[in-house]
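Notes for the structure review
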Amino acid sequence: MRKEIPMILTVLAGLFVIVAKYLFAVDQLGWFTTANRMYQVMYAMFFLLGVVSLTIVHGKNIQRRRSKWIYSLILLICMYGYGILTIQQTVEGPQANWIYNNILNPTDATIFALLAFFITSAAYRAFRVRTREATVLMITAVIVMLGVAPIGDTLIHGWNNVARWFMDVPNSSAMRGIALGAYLGSFAVALRILLGLERAHLGGAGQ
Amino acid sequence: MGFLSLLAAEAKSPVWGIFVPGQAGAFIAVLIFAILVYVMINRARAGQAVREIHKIAGLEALEEAVGRATEMGRPVHYTMGLPGITDPQTIASFPVLGHVAKTCARYDTRLINTVPDVVVYAINEEIIRQAYLEAGRPDAFNPDDVRFITDWQFAYVAGVLEILAAEKPAAQILFGGPFFAEAMIFIEAGALAGAIQVGGTASTSQLPFFVAGCDYALIGEEIYAASAYISKEPILTGTVVGEDFYKFLLFAVIILGTLVATFSSNNFLATFLKS
């Protein structure tokens, strides 16, 4: 029964969404919007779980004085401090807003900027000509990079058109083919859950 | 004028019908697909032959990845990117997580799962706990190794980078999605940690990075076939075969549509599909 009841609930919820989304009479009742709101409320409740998990993991780090425990302490102070501050003055409050704009945003941008270095090192690893596929990848990448950069069109007039052709024709068609297969795959997964064949989300290895 | 406009408004005919306007075509498409899959499931249930799924190297490599981590005495790191419970890629990742957790439990290897979504975090914890139980090693399950970090994208990235640097996993599995800019950072940080990497996603914008950076990559729909592939259940395989038949049907419609659009001035097929 531990798995059967959640499975029945999943199937009923799935059928409800199909009926509420496609059938006109049910759509008029606005149940789909209500269900979406219920989901949002439940999602907000789940946040408490996240806070509890972080508190337990980092609380243990502090309690047992594990290495780098000081960062756990900073994390807990920031999490609860910012939480209390925003409850007191909302996220639009002067201090909360200042912290968001001057600490959170620049830190976020800094981590994002790391991507440039990681992409460079990944490109170096990927473009080492070892296999036939890597050679094709490298040649195409050089053509497209030269086409996108101003130097390509300066060296050979019309080069950016070649690069655009690569992006618009072989690249787009391959991407759309993959996307089509992926959509059908997601369809199949949804159907398997509706029929109660897929049970991994209820725990264990799924069988 | 006000009264006249009120009359005109009332004269509007009421909108009604069986389907929500614009959704009839989608419903029929879903219905055809469901029928095809249902037929294939029934064939499998009746013991009739169902085609096998071709070998997927990325899924075969999962065991190798865990085995390597066991030999090196280092953990396995599993991430789903930025999952959401409403995303099919996330749901497709659950059976793989269960399989990896069970393999880790069998080999007595530590599995670290980092999650940036609270709902998925709760589900993942349950999946891993159950997998350890099924493997007969409930005592080996450590709830602290299933970690909710934050739902803030780059803060999550920072958290994972710290874990990769500190724990030095011997294997990293990036499976499901959706993945965004964090994918490349994880892959490179995993490579720096010396981890064997198995990746799989249907996020087309990130696929080139997976192919370029991971040792094994699953592309697009392969991730949705994972549960059928791992379980080797004929009924589950039937759903994948049904999906393939539907794909042939769609290809036929695409080719027909291309021919009609090229050679006919009246694209009746497009008009019909849009209606």
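Reading the values: the criteria
Residues numbered from 1 in each chain as written. Chains lettered and ligands numbered in written order. Predicted model: local features only at pLDDT ≥ 70, side-chain atom pairs only at ≥ 80, totals over all residues. Heavy atoms only, no water. Helix = DSSP H or I, 4+ residues; strand = E, 2+ residues; numbered from the N terminus. Rg over C-alpha atoms; globule rule 2.2 N^0.38 Å. Buried < 20%, exposed > 50% of the residue type's maximum accessible area, 1.4 Å probe, protein only. Pairing = 2+ DSSP bridges. Right-handed = clockwise from strand over helix to strand, strands pointing away. Domains from an automatic or database assignment. Contact = heavy atoms within 4.5 Å. Buried area = accessible area lost by both parts, 1.4 Å probe. Salt bridge = Lys/Arg side-chain N within 4 Å of Asp/Glu carboxyl O. Polar contact = N/O pair within 3.5 Å; in protein donor to acceptor, adjacent residues only side chain to side chain. Nonpolar A, V, L, I, M, F, W, Y, C, P; charged D, E, K, R; others polar. Axes fitted to C-alpha atoms, helices over the stretch in contact; angles between N-to-C directions. Parallel < 35°, antiparallel > 145°, perpendicular 65-115°, else oblique. Core = buried A, V, L, I, M, F, W, Y, C linked by side-chain atoms within 4.5 Å. pLDDT = per-residue confidence, 0-100.

**What about the overall build of chain B?**
Helix and strand counts for chain B come out as 11 helices and 6 strands. In summary, chain B has a C-alpha radius of gyration of 24 Å against a globular reference of 19 Å for 275 residues, an excess of more than 25%. Seen through its principal axes, chain B has C-alpha atoms that stretch 75 × 60 × 40 Å. Classification of the 275 residues of chain B by burial places 52% in the buried group.

**Let's talk about the pairing of strand 6 (residues 216–219) of chain B**
All names here are of chain B. When strand 5 (residues 196–201) meets strand 6, the two strands line up parallel, connected through 4 bridges. Within strand 6, the residue paired with Thr-201 across the bridge is Ile-219. For the handedness criterion, the β-α-β arrangement of strand 5, helix 8 (residues 207–213) and strand 6 is classed as right-handed.

**Focus: the domain arrangement of chain A**
Residues and elements named next belong to chain A. Here the domain parsing of chain A yields domain 1 (1–89) and domain 2 (128–200). Put simply, the middle of domain 1 and the middle of domain 2, counted by C-alpha atoms, are 35 Å apart. With 6 residues of domain 1 at the contact, the number on the domain 2 side is 4 residues. For the pairing of domain 1 and domain 2, the buried interface totals around 420 Å² over both sides, and the portion due to carbon and sulfur atoms is 84%. The largest per-residue losses of area from domain 1 upon contact with domain 2 belong to Met-7, Thr-10 and Val-11, which jointly make up 69% of the total buried on that side. If you look at where domain 1 meets domain 2, you find 0 salt bridges. Linking domain 1 with domain 2 are 0 residue pairs in polar contact (both at pLDDT 80 or more), by the criterion used here. Looking at the side of domain 1 that touches domain 2, its residues break down into 4 nonpolar, 2 polar and no charged.

**What about the interface of chain B and chain A?**
Between chain B and chain A, the residue contacts involve 78 residues of the former and 58 residues of the latter. Considering only the surface of chain B that becomes buried against chain A, Val-118, Trp-152 and Phe-154 of chain B emerge as the three largest contributors, covering 10% of it. Run the count over chain B and chain A and you get 2 salt bridges. Across the pair Lys-60 of chain A and Asp-144 of chain B runs a salt bridge whose closest N-O atoms are separated by 3.0 Å. In this assembly, chain B and chain A are joined by 9 residue pairs in polar contact (both at pLDDT 80 or more).

**Some points on the packing of helix 6 (residues 153–167) of chain B against helix 7 (residues 182–192) of chain B**
All names here are of chain B. One way to put it is that helix 6 packs onto helix 7 with a least axis distance of 10 Å and a crossing angle of 10°. Overall, the two elements helix 6 and helix 7 adopt an arrangement that is roughly parallel. Of the residues in helix 7, those in contact with Gln-153, Phe-154, Tyr-156, Val-157, Val-160, Leu-161 and Leu-164 of helix 6 are Glu-182, Ile-185, Phe-186, Ala-189 and Gly-190. Taken together, the residues that form the contact of helix 6 with helix 7 break down as 9 nonpolar, 2 polar and 1 charged.

**Focus on helix 7 of chain B**
Burial within helix 7 of chain B is extensive, with 9 of its 11 residues counted as buried. Burial in helix 7 of chain B covers these residues: Glu-182, Ala-183, Met-184, Ile-185, Phe-186, Ile-187, Glu-188, Ala-189 and Gly-190 of chain B. In this structure, the buried residues of helix 7 of chain B make contact with helix 5 (94–127) of chain A together with strand 1 (76–79), helix 6, strand 4 (171–176), strand 5 and helix 8 of chain B. Remark: Gly-194 of chain B follows helix 7 of chain B within two positions and exhibits a positive phi of approximately 80°.

**Comments concerning the nonpolar core**
Of all hydrophobic cores here, the largest spans 52 residues; its most connected members are Val-76, Tyr-78, Phe-94, Val-100, Leu-111 and Phe-175 of chain B. Ignoring anything within four residues of it in the chain, the contact list for Phe-175 of chain B reads Leu-59, Tyr-78, Thr-79, Met-80, Ala-92, Ser-93, Val-96, Gly-200, Leu-218, Ile-223 and Ala-226 of chain B. Of all hydrophobic cores here, the second largest spans 25 residues; its members include Phe-118 of chain A together with Leu-82, Ile-185 and Cys-214 of chain B.

**Let's talk about the confidence of the model for chain A**
Residues at a pLDDT of 70 or more form 96% of chain A, whose mean pLDDT is 84. The secondary-structure element of chain A with the lowest mean pLDDT is helix 2 (residues 24–29) of chain A, recorded at 77, while helix 4 (residues 69–89) of chain A shows the highest, at 91.

**Points about the pattern of salt bridges**
All names here are of chain B. Scanning all chains against the criterion turns up 13 salt bridges over all chains. A salt bridge links Arg-129 to Glu-125; the shortest N-O distance between them is 3.3 Å. One end of the pair, Arg-129, and the other, Glu-125, are both in helix 5 (residues 118–134), 4 residues apart, so they sit about a helical turn from each other. Arg-129 gets classed as partly exposed once you look at its relative accessible area, which sits at 35%. When its relative accessible area of 17% is taken as the criterion, Glu-125 is described as buried.

**Comments concerning the environment of Ala-134 of chain A**
Looking at the element boundaries, Ala-134 of chain A is found in helix 6 (residues 132–148). The residues contacting Ala-134 of chain A, other than those within four sequence positions of it, are Ala-126 and Arg-128 of chain A.

**A look at the sheet that holds strand 3 (residues 146–148) of chain B**
Residues and elements named next belong to chain B. Taken in spatial order, the 6 strands line up as 3-2-1-4-5-6 in an open sheet, and their pairing is parallel. At either end of the open sheet lies a strand with only one pairing partner, and these are strand 3 and strand 6. Across the sheet, the mean angle separating the axes of adjacent strands is 15° when strand polarity is ignored. Across 3 bridges, strand 2 (residues 111–115) lies against strand 3 in parallel orientation. In the sheet register, Asn-113 faces strand 3, and the bridge partner there is Val-146. The sheet strands contacting helix 3 (residues 57–72) are strand 1, strand 4, strand 5 and strand 6, and the helix crosses strand 5 at an angle near 145°. Against the sheet, helix 7 engages strand 1, strand 4 and strand 5, with an angle of about 160° to strand 4.

**Description of the side chain of Glu-182 of chain B**
All names here are of chain B. Looking at where Glu-182 falls in the secondary structure, it is placed in helix 7. Here the side chain of Glu-182 touches Phe-180 through a polar contact of 2.8 Å, landing on its backbone nitrogen. Ignoring sequence-local partners within four residues, the contact set of Glu-182 consists of Gly-81, Leu-82, Gln-153 and Val-157.

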